[in-house]
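Fold and geometry: a report
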Amino acid sequence: MSIDVRTEAGIATIAFARPDKKNAITADMYARMADGIGSATADAATRVVLLAGSDACFTAGNDLQDFLANPPAGDDSPVFRFLHALAACPKPVVAAPCGVAVGVGTTMLLHCDLVYAGDNARFSVPFAQLGLCPEAASSLLLPAIAGWQRAAEKLLLGEPFGADEAREMGLVNRVLPAAEAIGFARAQAAKLAALPPASLRETKRLMKRALGEAIPAQMAAEGQVFGRMLRAPEAREAFTAFFEKRRPDFSSFS
Ligand code: COA
């Protein structure tokens, strides 16, 4: 299925397992991740969710081929089910990105509570380069976390940035040697799993209260634009160029 879901000692680990495609996420994988978070939320014995890839690669983001062939349509589509489940998860979510974390690989971290990155992590939000626009409420949350100019630089230029910069920006709690990041994140998740779940839930709920409806509303606004842009010729040119291993040419667009 390319997503491993396993629950052990109160920690539900949802892990990317498609290394040959840099863990690019298909609709089936989003569906499995959404279901994994849903089960973790419903199961009283599960205290924490851990998102991980390998120590070499988190995820190259949306599978571009799958995205073009099956563009997400509406709130029921797997990608939106996943994003809504993650954003609304009442239990602590810990992530351990190592290697590439492209697009949603970076923006999903904005919905996690604790993020421990490998020193090899390469984050990027290249939506403009792909003829698209931000998703996962990143147009709201990245400026809130990193400040306007820093968020604008990342979202408009889309250039990759490393683990230390991500920590300075507030996107990452701590940077560790890549081989240790997932183990450290798991140890932090184990500490959370030993705490009273109601206290964790209430703390998270109160921290999120001020954002209220803002996150789902921003996701919905982004989703409408994203869906339209995904079908536009700019995105087609960007995606085709990626698979043809050439630079995209946007010179004819206004
Ligand atoms: N969708 C579909 N396939 C992808 C992919 C994606 N997002 N990212 C990587 N792959 C595939 C490549 O096509 C390649 O497949 P192949 O071996 O059949 O040719 C394989 O995964 C390995 O990728 P490659 O580009 O050779 O690895 P790399 O280490 O040189 O570069 C990345 C890694 C992530 C920097 C690069 O693959 C990339 O830029 N991917 C696209 C990221 C992206 O735009 N995501 C969408 C965000 S909305």
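Below is a short write-up of the structure. The shown structure was predicted, so the numbers you read here are calculated from the model rather than taken from an experiment. (Residues numbered from 1 in each chain as written. Predicted model: local features only at pLDDT ≥ 70, side-chain atom pairs only at ≥ 80, totals over all residues. Heavy atoms only, no water.)

**Thoughts on the pattern of salt bridges**
Under the criterion given, the structure shown has 10 salt bridges. Ionic pairing is found between Glu168 and Arg150, a salt bridge with its closest N-O pair at 3.7 Å. One end of the pair, Glu168, is in helix 7 (residues 163-169); the other, Arg150, is in helix 6 (residues 148-157), with 18 residues separating them in the sequence. Its relative accessible area of 53% is what places Glu168 among the exposed residues. Between Glu237 and Arg246 there is a salt bridge, with its nearest N and O atoms 2.8 Å apart. Through salt bridges that share partners, Glu153, Lys154 and Glu165 make up one connected network. (Salt bridge = Lys/Arg side-chain N within 4 Å of Asp/Glu carboxyl O. Helix = DSSP H or I, 4+ residues; strand = E, 2+ residues; numbered from the N terminus. Buried < 20%, exposed > 50% of the residue type's maximum accessible area, 1.4 Å probe, protein only.)

**Remarks on the site of the ligand**
The local shell around the ligand holds 13 residues, among which Lys21, Lys22, Ala60, Asn62 and Leu64 are the closest. Asn62 places a main-chain nitrogen or oxygen 2.9 Å from a nitrogen atom of the ligand. Here the ligand, which alone exposes 860 Å², has 67% of that area covered by the protein. Among the residues forming the shell around the ligand, the class breakdown is 7 nonpolar, 1 polar and 5 charged. (Near = heavy atom within 4 Å. Polar contact = N/O pair within 3.5 Å; in protein donor to acceptor, adjacent residues only side chain to side chain. Areas by Shrake-Rupley, 256 points an atom, 1.4 Å probe, with all protein chains shown as cover. Nonpolar A, V, L, I, M, F, W, Y, C, P; charged D, E, K, R; others polar.)

**Focus on the nonpolar core**
Soluble, globular proteins show a tendency: their nonpolar side chains are buried together. Judged by nonpolar contacts, the single largest core of 60 residues is most densely connected at Leu51, Phe82, Met108, Phe123 and Phe239. Residues within four places of Met108 in sequence aside, it is in contact with Phe16, Ile25, Met33, Leu51, Phe58, Thr59, Phe82 and Leu86. Of all hydrophobic cores here, the second largest spans 16 residues; its members include Ile11, Tyr116, Leu176 and Ala181. (Core = buried A, V, L, I, M, F, W, Y, C linked by side-chain atoms within 4.5 Å. Contact = heavy atoms within 4.5 Å.)

**Side note on the side chain of Thr26**
Inspection of the secondary structure puts Thr26 in the loop between strand 2 (11-16) and helix 1 (27-42). Relative accessible area serves as the criterion here: at 16%, Thr26 is assigned to the buried category. In contact with Thr26, not counting residues within four places along its chain, are Arg18, Asp63 and Asp66.

**Observations concerning helix 11 (residues 233-243)**
For helix 11, every residue scored as buried is listed here: Ala235, Glu237, Ala238, Phe239 and Ala241. Following helix 11 by one or two positions, Lys245 has its phi on the positive side, about 55 degrees.

**A word on the state of the cysteines**
Inspection of the entire model under this criterion finds 0 disulfides. This cysteine, Cys98, is not joined by any disulfide, and Cys57 carries the nearest cysteine sulfur, 9.6 Å off. Among the residues examined, Cys98 registers a relative accessible area of 0% and is labelled buried. (Disulfide = S-S within 2.5 Å.)

**Comments concerning the packing of aromatic side chains**
Applying the stated criterion to the full structure yields 7 aromatic pairs. Summarising the aromatic geometry, the rings of Tyr30 and Phe82 are spaced 5.8 Å apart at their centres and angled 40 degrees between planes, so their arrangement reads as tilted. With Tyr30 in helix 1 and Phe82 in helix 3 (residues 78-88), this residue pair connects regions lying 52 residues apart in the sequence. The exposure classification of Tyr30 matches that of Phe82, with both residues buried. Between the aromatic rings of Phe67 and Phe226, the centroid separation amounts to 5.9 Å while the plane-to-plane angle is 80 degrees, which identifies the pairing as edge-to-face. Separated by 159 residues along the polypeptide, Phe67 in helix 2 (residues 64-69) and Phe226 in helix 10 (residues 214-230) bring together distant segments of the chain. Residue Phe67 shares its accessibility class with Phe226, and that shared class is buried. (Phe/Tyr/Trp six-rings, centres within 6.5 Å; stacked < 30°, edge-to-face > 60°.)

This is a description of form; function is not addressed.
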